[in-house]
Amino acid sequence: MKKSIVGALLAATALTSTAYAEDSVEVLHWWTSGGEAAAVSVLKDSLEAKGVTWNDMPVAGGGGESAMTTVRARVTAGNPPTSVQMLGYDIVEWAEQGSLGNLNEVAEAEGWGDVIPEALQAFAKVDDVWVSAPVNVHSTNWVWVSKKIMDELGVTEAPASFDDFIALAEKVKEAGYVPFGYGGQPWQDITTFDSVALATGGLDWYKKVFIDLDPASINSDTMIAALNNMGKIRALVDENFSGRDWNLATAMVINDEAAFQIMGDWAKGEFVNAGKTPGEDFLCWRVPGTEGHVTFNADQFAMFNVGEDRVAAQNAMASSVLSPEFQVAFNIVKGSAPARVDVSDAEFDACGKKAIADLKAASEAGTLVGSQGLSHTNRAAVKNAFSDAVTAYFNGELTAEEAAEEMADTVAIANQ
Ligand code: BGC
């Protein structure tokens, strides 16, 4: 190679790569709310105790789409972060592109295969290579409830069905409160749709639609009914819902302005961060109509192919994340269940204990299913096809019938 070309390449590398010490990790994530930041601190502290320096790369946006765009730019520039928070099929897609590293040595030495549930291994291991370290198990079919408003209405238990839930939400409105604290962003719409679809169509239909992508189940009366149920929620949100961040919608329930938020259990991290206690200040119900089921999403730290000099720190991070002590400390703050099945629930609060127990029961009963809204049933292109139609319906741009038809068409194209 001619000297001038080498020089140009070196100059380009200097422009694109970040120089980090061997004992440091650069971590890209979207944990930017108060509760999430508290959870990040737990991780940062546990690594720094091992002598690994944390370089923070936060990219806000709950479904991780903005984070994935940033990662793509970094990988294209030849300068991937050490580790990236990632969900489900996004991990698989990055692995298939050959961008992820190999954690087999750590995983084997620490017996990950025996303690990490199969449902998580399905994404953490691609072609027998561990490419990411599972952090937790969240689930999306929760509703976070203002205890004060329920007390005022004399409500002592969760409604038995989705229809009863809507009837209760209407009573909340009559009492002068906002029924649903809601953030109108596409990722929140499609994540809410996990619960609404499951409550409307049941587990078999959910799987036929979001996993099998069966056209007749997608463009069906059941899908129209599910969308109409989204419409019932739409009628019970406040006028400022559009574009609102999820944690601001959680704050509406924390402050007893709104009765309910349908949201994954990262919302509990906000209650905990605000000093609130389950059972006293707020309640956690499974979304009525989905009780007995868990729609899960697991955060994982996908490890990118980095230079040899950064592999030791990467392995140290993977090992930290899966340590039983970290799994307890982090997940208590984050609102999630541990990614290991052998961790005690003793230190978790009532909602955390319920999350862990529900997960085990659903896994044994075959009622544990991936969150379609958060990339655990299908690839990004397919998810986006569903998501676009749900958001267009929610914002009144399509009727339920049109949205169901559009979904069937766009999902078929995305799946080619
Ligand atoms: C992640 C959670 C995160 C939430 C909101 C979800 O996609 O799995 O860890 O707290 O987004 O940012």
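Computed from a prediction, not measured in an experiment: that's the story for all the values here.

**Quick notes on the site of the ligand**
Taken together, 13 residues lie near the ligand, and Trp-31, Glu-36, Gly-62, Asp-299 and Lys-334 sit nearest. A distance of 2.8 Å separates an oxygen atom of the ligand from a polar atom in the side chain of Trp-31. Computed on the free molecule, the ligand has an accessible area of 310 Å², of which 99% lies beneath the protein chains in the complex. Judged by its atoms lying within 2 Å of the grid points, the ligand is housed in the largest cavity. Across the shell around the ligand, the residue classes tally to six nonpolar, four polar and three charged.

**Considerations on the pattern of salt bridges**
The full count for this structure, using the stated rule, is eleven salt bridges. A salt bridge links Glu-291 to Lys-354; the shortest N-O distance between them is 3.5 Å. With Glu-291 in the loop between β11 (282–286) and β12 (294–297) and Lys-354 in helix α17 (residues 350–365), this pair connects stretches of sequence that are 63 residues apart. For Glu-364, the salt bridge goes to Lys-360, with nearest N and O atoms at 3.4 Å. Of this pair, Glu-364 and Lys-360 both sit in helix α17, four residues apart, roughly one helical turn. Just as Glu-364 is exposed, Lys-360 falls in that class too. Salt bridges sharing common partners tie together Arg-286, Glu-291, Lys-354 and Asp-358.

**What to know about the sheet that holds strand β8 (residues 142–146)**
If you trace the four strands from one edge of the open sheet to the other, you get β9-β10-β8-β11, paired in mixed fashion. The open sheet terminates on both sides in strands that have one partner only, identified here as β9 (178–180) and β11. Taking each pair of neighbouring strands and ignoring which way they run, the sheet shows an average axis angle of 20°. Relative to strand β10 (residues 258–262), β8 is paired through three bridges, and the arrangement is antiparallel. Paired with Val-143 across the two strands is Ile-262, which belongs to β10.

**Some words on the domain arrangement of the protein**
Examined at the domain level, the protein breaks down into domain 1 (2–137 + 298–363) and domain 2 (142–295 + 365–414). Taking the mean C-alpha position of each, domain 1 and domain 2 sit 27 Å from one another. Contact residues are listed per partner, giving 34 residues for domain 1 and 32 residues for domain 2. With both sides pooled, the region where domain 1 packs onto domain 2 buries about 2,600 Å², and carbon together with sulfur makes up 56% of that total. Contact with domain 2 buries surface across domain 1, with Tyr-89, Cys-351 and Ala-362 losing the most and accounting together for 21% of the total. Taken together, domain 1 and domain 2 are joined by five salt bridges. Of the charged contacts in the structure, one is a salt bridge between Arg-379 and Glu-96, with a shortest N-O distance of 3.1 Å. At the junction of domain 1 and domain 2, the tally comes to 15 residue pairs in polar contact (both at pLDDT 80 or more). Among the elements of the structure, α2 (34–48), α4 (88–96), α7 (118–124), α16 (324–334) and α17 are those that each provide at least two residues to the side of domain 1 that touches domain 2.

Calculation notes
- Note on numbering: residues in each chain are counted from 1, in written sequence order.
- In keeping with the model being predicted, local features are shown solely for residues with a pLDDT of at least 70 and side-chain atom pairs are shown and tallied solely at 80 or more, while totals for entire chains, interfaces and linings include all residues.
- With hydrogens and water excluded, all non-hydrogen atoms of the structure serve as input to the side-chain values.
- What makes a residue near a molecule or strand is one non-hydrogen atom of that residue sitting within 4 Å of it.
- N or O atoms within 3.5 Å of each other form a polar contact, as long as, within protein, one can give a hydrogen and the other can take it, and as long as residues adjacent in sequence are counted only when both atoms are side-chain atoms.
- Residue-level accessible areas treat just the shown protein chains as cover; the underlying method is Shrake-Rupley with a 1.4 Å probe.
- Residues are said to line a cavity or pocket when one of their atoms sits within 4 Å of a point; the points come from a 1 Å grid over protein atoms alone, cavities being sets where a 1.4 Å probe fits but cannot get out and pockets being open sets with protein on both sides within 12 Å along at least five of seven lines.
- Put plainly, a molecule is in a cavity or pocket when over half of its atoms are within 2 Å of the grid points there.
- Gly is placed with the polar residues, together with every amino acid not listed as nonpolar (Ala, Val, Leu, Ile, Met, Phe, Trp, Tyr, Cys and Pro) or charged (Asp, Glu, Lys and Arg).
- Any carboxyl oxygen of Asp or Glu within 4 Å of a side-chain nitrogen of Lys or Arg constitutes a salt bridge here.
- Helical segments are the DSSP runs of H or I of at least four residues, strand segments are the runs of E of at least two, and each set is numbered from the N terminus.
- Think of it in three bands: residues with accessible area under 20% of the maximum for their type are buried, residues over 50% are exposed, and the middle band is partly exposed, with areas taken using a 1.4 Å probe on protein chains only.
- Two strands are said to pair when DSSP picks up at least two bridges between them.
- Here an axis means a line fitted to C-alpha atoms, over the contact stretch when the element is a helix, while the angle between two N-to-C directions is reported on a 0 to 180 degree scale.
- These domain limits were set by an automatic method or by a database of domain assignments.
- Whether two residues are in contact is decided by their heavy atoms: any pair within 4.5 Å suffices.
- Two parts placed together each lose some accessible area under a 1.4 Å probe, and the buried area is that loss summed for both.

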